[in-house]
Amino acid sequence: MTNIESEVTKSTEAIRLLLVDIHAVSRTSSRQLLDTFPELNVVGETSDFKEAMALLDDLKPDIVLISMRVQGATGPEVARAILKVRPSTKVVVLTLFDDPEYVRSAMEAGAHAYVLKQEPAARILEAIDRVLRGEIYLSPGLGQQI
Amino acid sequence: MQNVNTLQLKGRLTVLMLAAMPLVFAIVSVAWIVQHQFDELSRVQLTSVEPILMQARKDEVKDFVMTGRKAVTDLIKRNGNTPKTQHEAKEMLRSMDFGADNYYFVYDTQGNGVMHPRLAAMENRNYLGLTDPNGVKIIQRLIDVAQAGGGFVEFMWHRPSTGNNEKKIGYAEIIPEWGWMIGSGLYLDAQQETESRLRESIVNANRATRKQIMQVSFAAILMVFLGVFTLNQVEQRKANTRVRLLAQEVQRSQELERTRVARELHDGVSQSLASVKFTMESADIYLDRGKTQTAANSLKSAIAHLIATMVEVRRLSHDLYPTILDDGGLGVAIEQLGREFSSRTKVPVHTEAQPIPVLKREVAWALYRIVQQALANIEKHAHAGSVAIEMRFSGGIHLQVSDDGVGFKLAETMQRRGGIGLTSMRERIEMLGGEFEIHSQPGKTVLKAYLPSESLKID
């Protein structure tokens, strides 16, 4: 796989992101995508629950993007753990699962947004924007389902 | 399945025959022996009873004659030896007449008739020469035995009550005062009657015994049938349980397979496609910003991911159903299994699979799965240095998978859940009417499956 370096210079006010996804392939490419936006700064990535908690403490991200399964825990468990340690953190779920049960369990665990990987990248930006303003965001269509 | 049922039926009939034949043989033998014993017993009884009966008749007639003689002797003592007394004695004896055939007769020692209550004409005539149909000089013999101190004579006599010549036993004594021979006789029919009654009772006992033997035999044969029937039921139930367990096992492995496929679709294919999508979106953004080189790199990366995804999909579909079974035949499919095993595990596989004419799909599938399962077992447990797969056709299909690995203990393995793999291999083959065997020891494990020609017929 060709290594694509970030061509974008991050401002000091860029939003700090932590990426937690069990699937390495899709984590790498989603990081490359997120890196193209100057207002976002991916400060760390991991597939493992414990490592995610350690990085949370070290990097103090504004936003944590999590998949519905990570190494050693489920998405909702990760969301709960993060919000317990740093309640100010915004948790955005980025996943392929569109089943209402998954959406509901994530939102009940305190996640602020639920975005599907199969949707355009702009949705991720929109979700981040909304949760930082204190709103809840769901990919279009998911809202009616739950 | 048809074959299996027919085989089972044949087996059941054989069991029934094997169980019933010795029983029938035993019954016939016992009946014959009993019959023989009865005949022997009745013969012995009759021969032993005959003299006793005869003795009883003899005693009877002797007592009767002695009674008559004593009465005459008493009369002489009382009334004196006179012609008048002689006349009284004659009349007394004549009147001592009991029943149809019990009476006295008196002759003098010259054989002249003195008194005969039934044949008055006989008196005062000489009967010394009287013979019965068998040539016995009746009167002569009676006088002889009487003069010898009393004795018996057997002869034929005209029986007044029936009008026939019948066998009679006579006894005679002498009244010395007058030179009279006093005698009487008994017909032996009573004895013959007793004998025939005895014979009849033996025949009846024989018949009753035969009836009992028949009843016991019937009960025993019934029990054999019931036993075989019960055994059959039990076996049927066992077979049903096995089929049910197999069905459960098949379902379980289907579910496991579906779970595995679903997971691979989600974790592999879908994530790869998501990654392709992210990378292409990155390229799109770079293009918007005029950064064509970076965009091109992203696209190359996306293409590489797409190719990997295509390989993944192909592998998944191959796992679900090896289309090579249909396209290339069982031999080629087995060669492919061997090659894949070898490239995955780096263990050399020697495959010798004869091309086999078109097979029933289920047969090809069963043999394919057995080889697949066997290779999976070897890969997981055997630590083999080499593997050999052999399939040849002669009067049926012979399949053999062998390895030089650590081996296993069959009994222990069958008890564990892991042994189910072996059970389902066996079931697959037996359901098709074939045979399955496996031998294992350290350094040599051989699995053999045989399907006879009949089970291979094309649908």
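Residues numbered from 1 in each chain as written. Chains lettered and ligands numbered in written order. Predicted model: local features only at pLDDT ≥ 70, side-chain atom pairs only at ≥ 80, totals over all residues. Heavy atoms only, no water.

A. Representation of the overall build of chain B within the structure. Within chain B, the secondary structure is distributed over ten helices and ten strands. Counting over 459 residues, chain B shows a buried share of 36%. Considering only intrachain contacts with a sequence separation of at least 6, the fraction spanning at least 24 residues in chain B is 58%. (Helix = DSSP H or I, 4+ residues; strand = E, 2+ residues; numbered from the N terminus. Buried < 20%, exposed > 50% of the residue type's maximum accessible area, 1.4 Å probe, protein only. Contact = heavy atoms within 4.5 Å.)

B. Fine view of helix α4 (residues 100-108) of chain A. Residues and elements named next belong to chain A. Every buried residue belonging to α4 is among V103, A106 and M107, and all of these are buried. Projected down its long axis, α4 carries its buried residues within an arc of 95°, all on one side. Those residues of α4 that are exposed and aimed more than 90 degrees away from the buried face are E101 and E108. One or two steps after α4, the chain reaches G110, where phi turns positive at roughly 110°. (Arc of directions from axis to C-beta.)

C. Main features of the sheet that holds strand β2 (residues 113-115) of chain B. Residues and elements named next belong to chain B. Read from one edge of the open sheet, five strands run β2-β1-β5-β4-β3, paired in antiparallel fashion. Because the sheet does not close on itself, it has two edges, and the strands there are β2 and β3 (151-158). Sheet twist, expressed as the average angle between the axes of neighbouring strands with direction ignored, equals 35°. Strand direction decides the pairing type here: strand β1 (residues 104-108) and β2, joined by two bridges, are antiparallel. What sits directly across from Y107, in β2, is G113. Set on the sheet, helix α3 (residues 138-147) makes contact with β1, β3, β4 (165-175) and β5 (180-187); between it and β3 the angle comes to about 160°. (Pairing = 2+ DSSP bridges. Axes fitted to C-alpha atoms, helices over the stretch in contact; angles between N-to-C directions.)

D. Local environment of the side chain of E166 of chain B. Structurally, E166 of chain B is set in strand β4. With a relative accessible area of 17%, E166 of chain B lands in the buried category.

E. Empty space enclosed by the protein, seen in detail. This model, assessed by the stated rule, comprises two cavities of 30 Å³ or more. Roughly 60 Å³ of volume is contained in the largest cavity. Elements with a minimum of two residues in the lining of the largest cavity: β1, α3 and β3 of chain B. Sort the elements by how many residues they give to the lining of the largest cavity and α3 of chain B lands first, with three residues. Roughly 50 Å³ of internal volume is contained in the second largest cavity. Every element with two or more residues in the lining of the second largest cavity is listed here: β6 (90-95) of chain A together with α4 (189-288) of chain B. By residue class, the composition of the lining of the second largest cavity is five nonpolar, five polar and two charged. (1 Å grid on protein atoms, 1.4 Å probe; cavity = no way out; pocket = protein on both sides within 12 Å on 5 of 7 lines; lining within 4 Å. Points joined across faces, edges and corners; volume = space filled by probe spheres on them. Nonpolar A, V, L, I, M, F, W, Y, C, P; charged D, E, K, R; others polar.)

F. Inspection of the pairing of β3 of chain B at higher detail. All names here are of chain B. Alternating residues of β3 divide into G151, V153, F155 and W157, all buried, and F152, E154, M156 and H158, none buried. As paired elements, β3 and β4 share eight bridges and run antiparallel to each other. Looking at β4, one finds that H158 is bridged to N165.

G. Inspection of unusual backbone geometry at higher detail. Located in the positive-phi region is K60 of chain A, a residue other than glycine, with phi close to 45°. Mapping K60 of chain A onto the fold places it in the loop between α2 (49-59) and β3 (63-66). Even without glycine at this site, H383 of chain B takes up a positive phi of about 50°. Along the polypeptide, H383 of chain B turns up in the loop between α8 (361-382) and β7 (387-393). A residue is classified by how much of its surface remains accessible, and H383 of chain B, at 66% relative accessible area, is exposed.

H. Just a nonpolar patch on the surface, in detail. All names here are of chain B. Taken together, the side chains of F218, L222, L226 and F229 present a nonpolar region at the surface, about 440 Å² in accessible area. Mapping F229 onto the fold places it in helix α4. Among the residues examined, F229 registers a relative accessible area of 49% and is labelled partly exposed. (Patch = residues over 30% accessible without salt bridge, like charges linked within 9 Å, V, L, I, M, F, W, Y side chains within 5 Å. Areas by Shrake-Rupley, 256 points an atom, 1.4 Å probe, with all protein chains shown as cover. Salt bridge = Lys/Arg side-chain N within 4 Å of Asp/Glu carboxyl O.)

I. Looking closely at the interface of chain A and chain B. Between chain A and chain B, the contact holds 26 residues from the first and 21 residues from the second. Counting every contact that joins chain A to chain B gives one salt bridge. With a shortest N-O distance of 2.8 Å, D267 of chain B and R69 of chain A are connected by a salt bridge. For the interface between chain A and chain B, the tally reads eleven residue pairs in polar contact (both at pLDDT 80 or more). Sort the elements by how many residues they give to the side of chain A that touches chain B and helix α1 (residues 24-35) of chain A lands first, with six residues. (Polar contact = N/O pair within 3.5 Å; in protein donor to acceptor, adjacent residues only side chain to side chain.)

J. Focus on the environment of Q271 of chain B. Looking at the element boundaries, Q271 of chain B is found in helix α4. Assessed through its relative accessible area of 3%, Q271 of chain B is described here as buried. Taking the C-alpha atoms as reference points, Q271 of chain B and T309 of chain B, separated by 38 residues in sequence, lie 9.3 Å from one another. Non-local contacts of Q271 of chain B, meaning those with residues more than four positions away in its chain, are made with H23, S26, L96 and K117 of chain A together with H266 of chain B. There is a polar contact of 3.2 Å between the side chain of Q271 of chain B and the side chain of H23 of chain A.

K. Layout of the packing of aromatic side chains. Residue and element names in this part refer to chain B. Under the defined criterion, the tally for this structure stands at eight aromatic pairs over all chains. With a centroid separation of 5.9 Å and an interplanar angle of 70°, the aromatic rings of F105 and Y107 are classed as edge-to-face. Like F105, the residue Y107 is buried in the burial classification. Between K58 and the ring centre of F152, over which it is positioned, the NZ or CZ distance is 5.3 Å. (Phe/Tyr/Trp six-rings, centres within 6.5 Å; stacked < 30°, edge-to-face > 60°. Lys NZ or Arg CZ within 6 Å of the ring centre and 35° of its normal.)

L. Spatial organisation of the sheet that holds β7 of chain B. All names here are of chain B. Strand order in this open sheet of five strands is β6-β7-β8-β10-β9, and the pairing throughout is mixed. The sheet terminates laterally at β6 (349-353) and β9 (435-441), the two strands that pair on one side only. Neighbour to neighbour, the strand axes of the sheet diverge by 5° on average, direction disregarded. Pairing between β7 and strand β8 (residues 396-403): seven bridges, direction antiparallel. Across the sheet, the residue bridging to A388 is S402, located in β8. Seen against the sheet, helix α7 (residues 330-345) touches β6, β7 and β8 and runs at an angle of roughly 180° to β6. Across the sheet, α8 lies against β7, β8 and β10 (444-452), angled at about 10° from β8, the strand it touches most.

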